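Residue-level listing of the chains:
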Amino acid sequence: MEEFNADPWSFQSVKKPSSKQGSCLPSKGSEEISSKTGQNLNVTGSQLDVKNGKNTEEKRKQRDSYYRLQEMGSEDTTGREKLKTGKSTESMLHQLSEELDLDEKCFPLVDYLSTFGLKESHFIQIYERHMPSLQINVASAQERLEFLLSVGVKHRDIKRILLRQPQILGYRVENNLKSHVAFLEGLGVPDSRIGQIITAAPSLFSYSVEHSLKPTVRYLVEEVGIKRKDLSKVVQLSPQILVQRIDNSWNSRFGFLSKELGAPKDCIVKMVTKHPQLLHYSIEDGILPRINFLRSIGMCDSDILKVITSLTQVLSLSLEENLKPKYLYLVNELQNEVQSLTKYPMYLSLSLDQRIRPRHRFLVSLKKAPKGPFPLSSLVPTDECFCQQWAGTSLDRYLAFRQSLLLKEFAKKYERKR
């Protein structure tokens, strides 16, 4: 059962033991030495004494019996497929049995989860992160994962979700999973994007819809100023916005941009709407260094504000690998002034190797590059439009030129590294 507290910013999950499920936990007299350091559990009574490497005859018989049953092939609860345990899975179960002291009642669940690509190290990680997840009845776990698959989660992403949020195996479909999916649908998130949001922020299910998620949405609308029609887009761009302390994130970044650049609230709201990841960026290590870089190349604060309002993701670009090389190419090769960035801020988001340099060099090779500043507008359209409007040649010819140029640039970089 999931019990949600009244604090809109926190969640507390209380797992109640079920007498219907076989326990995978050590007995009350057991002592956990340290699972994180690779040491095992020292258990008492008739259980396996892993610390001293001793196996009881009963434990061996249980495990061998399970292996024999699996080799015969057993239908899973939905009849979709037969889960068969080969030598590799048998070896994994044996190792987990010794390292984590897993009872043989846990083997069906481990066997089922391994069909999603989970290995021994992954189960150890899940055990250390949330041990009760390995207590879940295999039929219940399958029902929950089948539901996630039905709403668009990819089979290959189940492993990633379980490693980040193993508690999801214990969330009931009717009482938890469905209500959270309905919440996302209520925001206007299309069905085709539900699975991607769950994969990006699986911890979403650990927050109460009424006491946490809905208050967060109200804050975004009433305090931040995001329009209701834009909520779906904001959540799709940054699902994590639903599970962070949005009040702290917003107030600190709003205060900083207002003071540093004199940014009015409507500009900052536009930034968050276009690029909600802004609320995750560090001020000291992310936002401020990029503002200072733009200042260092001759941009005034009002121009910087125009650029980051139009292209907020510039605050996430690498200084050394992205912004500096593009600036140098802009002034040295394209012979443009830095002020041209206020008209074409998109330039900073384009790939230097895949878009800017190839198009510039291609027009130069065709002797179609105009004298003086290179027109940045030629970098904006698609490859097809560029070839028709600017190069007057075939797309295949341009792509062949670009590929040749990329190989030459790669060879130069390789030589410099040597």
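Fair warning: this is a prediction, and the values are worked out from it, not measured in the lab.

As a further point, take the overall build of the chain. Counting its secondary structure elements, the chain contains 19 helices and 2 strands. By the burial criterion, 46% of the 418 residues in the chain qualify as buried. The contacts in the chain between residues at least 6 apart in sequence include a share of 67% that link residues at least 24 apart. Working note: accessible area of the chain is about 21,600 Å², and carbon and sulfur atoms make up 49% of it.

A separate point is the pattern of salt bridges. On inspection of all chains with the given rule, the structure shows 10 salt bridges. With a closest N to O distance of 2.9 Å, Lys214 and Glu210 form a salt bridge. You can see Lys214 and its partner Glu210 sitting in helix H9 (residues 209-224), 4 residues apart, about one turn around the helix. Relative accessible area serves as the criterion here: at 31%, Lys214 is assigned to the partly exposed category. Its salt-bridge partner being Arg295, residue Asp301 comes within 2.9 Å of it at the nearest N-O pair. One salt-bridge network, in which partners are shared between bridges, spans Glu260, Arg295 and Asp301.

Here we take up the packing of aromatic side chains. With the rule as written, the count across this model stands at 6 aromatic pairs. Put simply, the rings of Phe362, Phe386, Tyr398 and Phe401 touch in pairs and so form one group of aromatic residues.

Once that is clear, we can look at the environment of Pro239. Along the chain, Pro239 turns up in the loop between helix H10 (231-237) and helix H11 (246-261). Residue classification places Pro239 among the buried residues on the basis of a relative accessible area of 6%. Measuring from C-alpha to C-alpha, the distance between Pro239 and Thr199 comes to 9.4 Å, with 40 residues separating the pair along the chain. Excluding anything up to four places from it in sequence, Pro239 contacts Ile197, Ala200 and Ala201.

A separate point is H9. The complete set of buried residues in H9 reads Val209, Ser212, Leu213, Pro215, Thr216, Val217, Tyr219, Leu220, Val221 and Val224. On its buried side, H9 packs onto helix H7 (173-186), H10, H11 and helix H12 (265-274). The N-cap residue of H9 is Ser208: its side-chain oxygen and the backbone nitrogen of Glu210 are 3.3 Å apart. One or two steps after H9, the chain reaches Gly225, where phi turns positive at roughly 105°.

For the rest of this paragraph, the subject is the packing of H12 against helix H14 (residues 301-310). Helix-helix packing is characterised by the crossing angle of the two axes and by the distance between the axes. In the contact formed by H12 and H14, the axes pass within 8 Å of each other and the chain directions differ by 35°. Contact residues: Cys267, Lys270, Met271 and Lys274 in H12; Leu305, Ile308, Thr309 and Ser310 in H14. Each residue belonging to the contact of H12 with H14 can be placed in one class, and the counts come to 4 nonpolar, 2 polar and 2 charged.

Summed over all chains, the structure comprises 0 disulfides. This cysteine, Cys387, is not joined by any disulfide, and Cys385 carries the nearest cysteine sulfur, 9.4 Å off. Judged by its relative accessible area of 2%, Cys387 is buried.

A cluster of basic residues, Lys227, Lys233, Lys270 and Lys274, forms a positive patch on the protein surface. With respect to the secondary-structure elements, Lys270 resides in helix H12. You can call Lys270 partly exposed: its relative accessible area is 46%.

This part covers the environment of Leu169. Along the chain, Leu169 turns up in the loop between helix H6 (158-164) and H7. Distance from Leu169 to Leu134, taken between C-alpha atoms, is 8.6 Å for residues 35 residues apart in sequence. Residues contacting Leu169, with those up to four places away along its chain left out, are Leu113, Ser133, Ile136, Ala141, Arg144, Leu145 and Leu162.

Attention shifts here to the nonpolar core. Considering soluble globular proteins, one finds that nonpolar side chains tend to be buried as a cluster. Formed by 106 residues in total, the largest nonpolar core has its most connected members in Leu242, Leu257 and Tyr347. Take this core: its biggest share by element is 7 residues, from H9. Discounting chain neighbours no more than four positions away, the residues touching Leu242 are Phe183, Leu184, Leu204, Leu213, Thr216, Val217 and Val235.

In this structure, Gln335 takes a positive phi of about 55° despite not being glycine. Here Gln335 shows up in the loop between helix H15 (319-332) and helix H16 (340-343). The exposure class assigned to Gln335 is partly exposed, which follows from its relative accessible area of 49%.

Counting through the fold element by element, Arg357 comes out in helix H17 (residues 352-365). According to the relative accessible area criterion, Arg357 is buried, its value standing at 12%. Not counting residues within four places of it along the chain, the set of residues in contact with Arg357 comprises Tyr329, Leu352, Leu405 and Glu409.

For the rest of this paragraph, the subject is H17. Counting along an α-helix, one turn takes 3.6 residues, and residues three or four places apart therefore face a common direction. At Pro358, H17 shows its maximal bend, which comes to roughly 30°. Looking at H17, one finds that the buried residues are Leu352, Ile356, Arg357, Pro358, Arg359, His360, Phe362 and Leu363. You can read the cap of H17 off the contacts: a side-chain oxygen lies 3.4 Å from the backbone nitrogen of Asp353, and it is on Ser351. Note on H17: the residue one or two positions beyond its end, Lys367, has a positive phi of about 60°.

About the criteria used
- Residues numbered from 1 in each chain as written.
- Predicted model: local features only at pLDDT ≥ 70, side-chain atom pairs only at ≥ 80, totals over all residues.
- Heavy atoms only, no water.
- Helix = DSSP H or I, 4+ residues; strand = E, 2+ residues; numbered from the N terminus.
- Buried < 20%, exposed > 50% of the residue type's maximum accessible area, 1.4 Å probe, protein only.
- Contact = heavy atoms within 4.5 Å.
- Areas by Shrake-Rupley, 256 points an atom, 1.4 Å probe, with all protein chains shown as cover.
- Salt bridge = Lys/Arg side-chain N within 4 Å of Asp/Glu carboxyl O.
- Phe/Tyr/Trp six-rings, centres within 6.5 Å; stacked < 30°, edge-to-face > 60°.
- Polar contact = N/O pair within 3.5 Å; in protein donor to acceptor, adjacent residues only side chain to side chain.
- Axes fitted to C-alpha atoms, helices over the stretch in contact; angles between N-to-C directions.
- Nonpolar A, V, L, I, M, F, W, Y, C, P; charged D, E, K, R; others polar.
- Disulfide = S-S within 2.5 Å.
- Patch = residues over 30% accessible without salt bridge, like charges linked within 9 Å, V, L, I, M, F, W, Y side chains within 5 Å.
- Lys, Arg positive; Asp, Glu negative; His and termini not counted.
- Charge placed at Lys NZ, Arg CZ, Asp CG, Glu CD.
- Core = buried A, V, L, I, M, F, W, Y, C linked by side-chain atoms within 4.5 Å.
- Bend = angle between axes of the 7 residues up to and from the residue.

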